[in-house]
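# Structural description and commentary
One letter stands for each residue in the lines below.
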Amino acid sequence: MKIRAVEPLILHMPLTRDAIADSTHRITHWGVVGVRLTTTDGREGFGFTGTHADLASDRLIAACIGACYAPLLVGEDAHEGARLARKLARAPALQWVGRAGITQLALAAVDVALWDLRAKAAGVPLWALLGGPVRERLPAYDTDVGWLSFSADELVARCRHAVEADGFRGVKVKVGHDDPAVDLARLEAVRRAIGPAPTLAIDGNGRWDLPTCKRFCARAEAFDVFWFEEPMWYDDVASHAALARATAIPIALGEQLYTIDAFQSFLDAGAVHWVQPDVTRLAGVTEFLQVADAAHARRLPVAPHAGDMSQVHVHLAYAHPAAALLEYIPWIRAHFVEPIRVERGEFLRPQQPGAGMTPTPDALVRFARPLG
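Bear in mind the structure is a predicted one, so any value in this text is a computation, not a measurement.

Moving on: unusual backbone geometry. In this structure, A53 is a non-glycine residue whose phi angle is positive, near 60°. Mapped onto the fold, A53 is located in the loop between β5 (44-51) and α1 (55-73). One non-glycine residue with positive phi stands out, namely R299, at about 60°.

What follows is the structure in structure tokens.
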């Protein structure tokens, strides 16, 4: 299964509403930036990273795929996964300029596409290629009901609907106002609305500092917070470790970490309780599995950061024993050949061969953006 062509792609898919915001970002579209690999026997493999649909930076990722990774891939046998993963990750020129950021996002897309090809060639979904399902059910928690841009009344109504009507057993609420008292009031209102049983996680998107987080957590513990995700700056191991020692609220993080080495730093420091690798930030499926294994070795649960790339994460969560639940954000699922499906708060297991990353023909045309 020799690789014949490497085609970078940029798709900007609209959200299911006008705009959303957390404490640090506001977006109207999701960037699906990646690659189509074509083999000499006519197969196609797709892989993408996720962005905030900024065309200038998306073009940098696409250019990295086309200029840097394509020459390393053309003519290679896609079946030789371990060797190719090492070749791409250890390419001398790319090590010199990357190992995170743009080069890693580009590598993530390529690695996912290679796994997609191998699963399609085997005629099985990716979870089956990885050894089969380790669980019968995969619980979902709803993030799309909890954006900071929602008014308090809308936030409460959406969270209540997710639990009572849609069957979710957990929701996540964004925090990070200039005055944390605003977030405490919103959090208290949500807990009162959904009752004591559903899990209620919060996500700060790196907004606050350690003193603010300590004061906030001392009061938020009363609302039985399931985890506090990204409370502080993403790379600050010491502050996360200090917060973990100071509060009973578990710490969750990982969506902004690009390597297993970064995860190891947090794990070794006792700075994380819920490990959240993202296949589109790490070196694809290959490094995601390494991070999940490292968490599992410490008996820590994994909750993959879906962003809006749940397509491949559903496969990984069904296949890895450390994965306990998965984030639900439904923005772009309709634009893939096999959309992810959630029923009564649980992800259904995909059935089609591949990693679930093949866009519909319509999406490839309608949402395409120029590469340069």
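Once the structure has been displayed, the description carries forward.
Right, let's get into α1. Taking 1.5 Å of rise per residue, 19 residues should cover 27 Å, and α1 covers 25 Å from first to last C-alpha, within 8% of that figure. For α1, the principal kink sits at G66 and spans about 30°. Next to the buried residues of α1 lie β1 (3-14), β4 (29-39), β5, α2 (81-89), α3 (92-97) and α4 (102-122). Taken from the residues just after α1, G75 is the one with a positive phi, measuring 90°.

To continue, consider the side chain of Q276. Considering the arrangement of structural elements, one finds Q276 in the loop between β11 (274-275) and α11 (284-297). Here Q276 falls in the buried class, since its relative accessible area comes to 1%. Every residue in contact with Q276, bar those within four places of it in the chain, is listed here: Y141, W227, E229, A252, L253, G254, E255, F263, A303 and H305.

This part is about the sheet that holds β5. The sheet built from three strands is open, its strands ordered β1-β4-β5 with antiparallel pairing. The open sheet has two edge strands with one neighbour each: β1 and β5. Going from strand to strand, the sheet's axes swing by 20° on average, the running direction of each strand aside. One ladder, built from eight bridges, connects β4 with β5; its direction is antiparallel. Bridging across to β5, G31 finds its partner in T51. Packing of α4 onto the sheet brings it into contact with β1, β4 and β5, and relative to β5 it is tilted by some 150°.

Attention now moves to the packing of aromatic side chains. Aromatic ring pairs are reported here in terms of the distance separating the ring centres and the angle at which the planes meet. Scanning the model with the defined rule gives 13 aromatic pairs in all. One aromatic cluster is present, formed by Y141, F226, W227 and W274 through successive ring pairs. One Lys or Arg, R349, reaches over the ring of W127 and ends 4.8 Å from the middle of that ring. The ring of Y318 is capped by R349, whose NZ or CZ atom sits 5.7 Å from the centre of that ring.

Moving on to helix α10 (residues 260-268). Within α10, the full set of buried residues consists of I260, F263, F266 and L267. All buried residues of α10 project into a common sector of 120° when viewed along the axis, lining one side. What points out from α10, more than 90 degrees from its buried face, is the exposed set D261 and D268.

Taken as a class, soluble globular proteins show a tendency for nonpolar side chains to be buried jointly. Formed by 94 residues in total, the largest nonpolar core has its most connected members in F48, F216, F228, V275, V312 and W331. When neighbours within four sequence positions are excluded, V312 is seen to be in contact with V112, L126, V279, V285, A355 and M357. Membership of the second largest hydrophobic core comes to 29 residues, among which are M1, I10, L94 and L107.

It is worth spelling out the environment of V312 at this point. Following the sequence through the fold, V312 ends up in helix α12 (residues 310-319). In this structure the C-alpha to C-alpha distance between V312 and V124, which are 188 residues apart in sequence, comes to 14 Å.

A separate point is the state of the cysteines. For the structure on display, the rule yields zero disulfides. The closest cysteine sulfur to the non-disulfide-bonded C217 is located on C213, 6.0 Å from its own sulfur.

Turning to the environment of K120, a few remarks are in order. If you trace the backbone, K120 turns up in helix α4. With 232 residues separating them along the chain, K120 and Q352 place their C-alpha atoms 8.5 Å apart. If near-sequence neighbours (up to four positions away) are discounted, K120 is found in contact with R43, E44, G45, F46, P353, G354 and T358. A polar atom in the side chain of K120 sits 2.8 Å from the side chain of T358.

Looking now at the pattern of salt bridges. All told, the structure shown has 19 salt bridges when counted by the stated rule. A salt bridge links D116 to K120; the shortest N-O distance between them is 2.9 Å. Note that D116 and K120 are positioned in helix α4 at a spacing of four residues, about one turn of the helix. Each member of the pair, D116 as well as K120, carries the same accessibility label: buried. The closest approach of N and O atoms between K172 and E229, which form a salt bridge, is 2.8 Å. Taken together, the positions of K172 in strand β7 (residues 170-174) and E229 in strand β9 (residues 225-229) put the pair 57 residues apart, joining distant regions of the chain. Among the charged side chains, a salt-bridge network with shared partners connects K172, K174, D203, E229 and E327.

Conventions adopted
- All residue numbers refer to positions counted from 1 along the written sequence of the respective chain.
- Side-chain atom pairs in this predicted model are given and counted only at pLDDT of 80 or more, local residue features only at pLDDT of at least 70, and totals for whole chains, interfaces and linings cover all residues.
- Here the side-chain values reflect all heavy atoms present in the structure, with hydrogen atoms and water set aside.
- Helix and strand labels come from DSSP, where a helix needs a run of H or I of at least four residues and a strand needs a run of E of at least two; each type is numbered from the N terminus.
- One fewer than the residue count of a helix, multiplied by 1.5 Å, yields its expected span.
- What the bend at a residue measures is the angle between two axes, fitted to the seven residues ending there and to the seven starting there.
- Between two residues, a contact is recorded if the distance between any of their heavy atoms is within 4.5 Å.
- Each residue is placed in one exposure class: buried if its accessible area under a 1.4 Å probe, protein chains only, is under 20% of its type's maximum, exposed if it is over 50%, and partly exposed if it falls in between.
- Note: two strands are recorded as paired if DSSP finds a minimum of 2 bridges between them.
- Lines are fitted to the C-alpha atoms to define the axes, a helix being fitted only along its stretch in contact, and any angle between axes, read from their N-to-C directions, falls within 0 to 180 degrees.
- Under the pairing criterion, centres of Phe, Tyr and Trp rings, with the six-membered ring standing for Trp, must be within 6.5 Å; the plane angle then separates stacked pairs below 30 degrees from edge-to-face pairs above 60, leaving the rest tilted.
- The rule is short: NZ of Lys or CZ of Arg within 6 Å of the ring centre and within 35 degrees of the ring normal puts a charge over the ring.
- In this description, one arc is meant: the one made by directions from the helix axis to the C-beta atoms.
- Definition of nonpolar core: a set of buried residues of the types Ala, Val, Leu, Ile, Met, Phe, Trp, Tyr and Cys, connected through side-chain atoms within 4.5 Å.
- By convention in this document, the label disulfide applies to cysteine sulfur atom pairs within 2.5 Å.
- The definition of a polar contact used here is a pair of N or O atoms within 3.5 Å, where within protein one atom must be able to donate a hydrogen and the other to accept one, and adjacent residues in sequence count solely through side-chain atom pairs.
- We define a salt bridge as a contact between a side-chain nitrogen of Lys or Arg and a carboxyl oxygen of Asp or Glu at a distance within 4 Å.

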